[in-house]
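Residues per chain, in single letters:
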Amino acid sequence: MQLEAVDRISTLEQINYYCIDGDNESPKIKTIHSILYHIFSQAGYTGNIYYQYYSFGNSMLDYNLAEANFFDDDDEKTPWTMYEVLEQICLFFGWSTVPYGKDVYIVDYQAI
């Protein structure tokens, strides 16, 4: 018998991204915070999202992203997985995610 433990963030690899408004045919522009909240809620995190990051001015969470970026340019408009979207956002900003209970911490180690 073999047992494998999988955390909730890893389950996002099995879930295709879908637009927050539910309409994949006409993706909208959303804030990073709303996209991250959407992703983490799909993984079952029902608590808060805490952020600690280094910023030069306005909150990065208020930056806008087009949800169309999360769909391939092929004829079928194949969606990325939720994990790929999370990974690309975190890579761009240099963030790491740390789940703890029902909450998720997003940390920029340069800010510590």
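Heads up: these notes are all about the structure in this document. Source: prediction; values computed, not measured.

## A short note on helix α2 (residues 82–93)
Counting along an α-helix, one turn takes 3.6 residues, and residues three or four places apart therefore face a common direction.
Part 1 of the argument: Given a rise of 1.5 Å per residue, 12 residues ought to cover 16 Å, and the 17 Å separating the end C-alpha atoms of α2 matches this to within 8%.
Part 2 of the argument: Buried residues of α2: M82, V85, L86, I89, C90 and F93, and no others. Angular distribution of buried residues about the axis of α2 spans 125°; they occupy a single face of the element. Residues of α2 that are exposed and angled more than 90 degrees away from the buried face: L91 and F92.
Part 3 of the argument: On its buried face, α2 is in contact with α1 (32–42), β3 (64–66) and β4 (96–100).
Part 4 of the argument: Following α2 by one or two positions, G94 has its phi on the positive side, about 75°.

## What to know about the packing of α1 against α2
Part 1 of the argument: Packing of α1 against α2 brings their axes to within 10 Å, and their N-to-C directions diverge by 140°. Classed by the angle they form, the pair α1 and α2 counts as oblique. Relative to α2, α1 is oriented so that their crossing is left-handed. Of the residues in α2, those touching α1 at I32, I35, L36, H38, I39, F40 and Q42 are M82, V85, L86, I89 and F93.
Part 2 of the argument: Broken down by class, the residue content of the contact of α1 with α2 amounts to 10 nonpolar, two polar and no charged.

## Let's talk about unusual backbone geometry
Part 1 of the argument: A positive phi angle, close to 50°, is found at K77, a residue other than glycine.
Part 2 of the argument: Checked against the element boundaries, K77 lands in the loop between β3 and α2.

## Here we look at a nonpolar patch on the surface
Part 1 of the argument: On the surface, Y50, V98, Y100, Y105, Y109 and I112 cluster together to form a nonpolar patch covering roughly 660 Å² of accessible area.
Part 2 of the argument: Structurally, V98 can be placed in strand β4.
Part 3 of the argument: With relative accessibility at 34%, the residue V98 sits in the partly exposed group.

## Here we look at the pairing of strand β5 (residues 103–107)
Along any regular strand, the residues point their side chains to alternate faces of the sheet.
Part 1 of the argument: When you tally the buried positions in β5, you get four out of five residues, the bulk of the element.
Part 2 of the argument: For strand β2 (residues 49–52) and β5, the ladder comprises four bridges, and the chain directions are parallel. Within the sheet, the bridge partner assigned to Y50 lies in β5 and is Y105.
Part 3 of the argument: Bridging between β4 and β5 involves five bridges; their strand directions are antiparallel. Opposite Y100, over in β5, you have D103 as the bridge partner.
Part 4 of the argument: Here β4 folds back onto β5, and the loop between the two strands holds two residues, one of which, G101, carries a positive phi near 65°.

## Quick word on the pattern of salt bridges
Part 1 of the argument: Inspection of the entire model under this criterion finds one salt bridge.
Part 2 of the argument: K30 is paired through a salt bridge with D21; the nearest N and O atoms lie 3.3 Å apart.

Parameters at a glance
For every chain, the first residue of the written sequence is number 1, and numbering continues from 1 along that sequence. Totals for whole chains, interfaces and linings use every residue, but because this is a predicted model, local features are given only for residues with pLDDT of at least 70 and side-chain atom pairs only at 80 or more, for both listing and counting. Excluded from the side-chain calculations are hydrogens and water; all other atoms, namely the structure's heavy atoms, are used. Helix and strand assignments follow DSSP, with helices taken as H or I runs no shorter than four residues and strands as E runs no shorter than two, numbered in order from the N terminus. Every helix has an expected span of 1.5 Å times one less than the residues it contains. Each residue is assigned to one of three classes by its accessible area relative to the maximum for its type, calculated with a 1.4 Å probe on protein chains only: buried under 20%, partly exposed between the two thresholds, exposed over 50%. It is the directions from the helix axis to the C-beta atoms whose arc is reported. Every residue pair with non-hydrogen atoms within 4.5 Å of one another is taken to be in contact. Lines fitted to the C-alpha atoms define the axes, with helices restricted to the stretch that makes contact. Angles between their N-to-C directions range from 0 to 180 degrees. Should an angle fall under 35 degrees it is called roughly parallel, over 145 degrees roughly antiparallel, and 65 to 115 degrees roughly perpendicular, with every other angle called oblique. It is the rotation of the near helix from the far one that decides the hand of a crossing: anticlockwise by less than a right angle makes it left-handed, clockwise makes it right-handed. When residues are grouped by polarity, Ala, Val, Leu, Ile, Met, Phe, Trp, Tyr, Cys and Pro land in nonpolar, Asp, Glu, Lys and Arg in charged, and all others, Gly among them, in polar. Residues enter a patch when their relative accessible area is above 30% and they make no salt bridge; the linking distance is 9 Å between like charges and 5 Å between nonpolar side chains (Val, Leu, Ile, Met, Phe, Trp, Tyr). Here the Shrake-Rupley method, with its probe set to 1.4 Å, supplies the accessible areas, and only the displayed protein chains count as covering residues. A side-chain nitrogen of Lys or Arg and a carboxyl oxygen of Asp or Glu constitute a salt bridge if their distance falls within 4 Å. When DSSP locates at least two bridges between a pair of strands, those strands are taken to pair.

Honestly, it's all geometry; don't read function into it.
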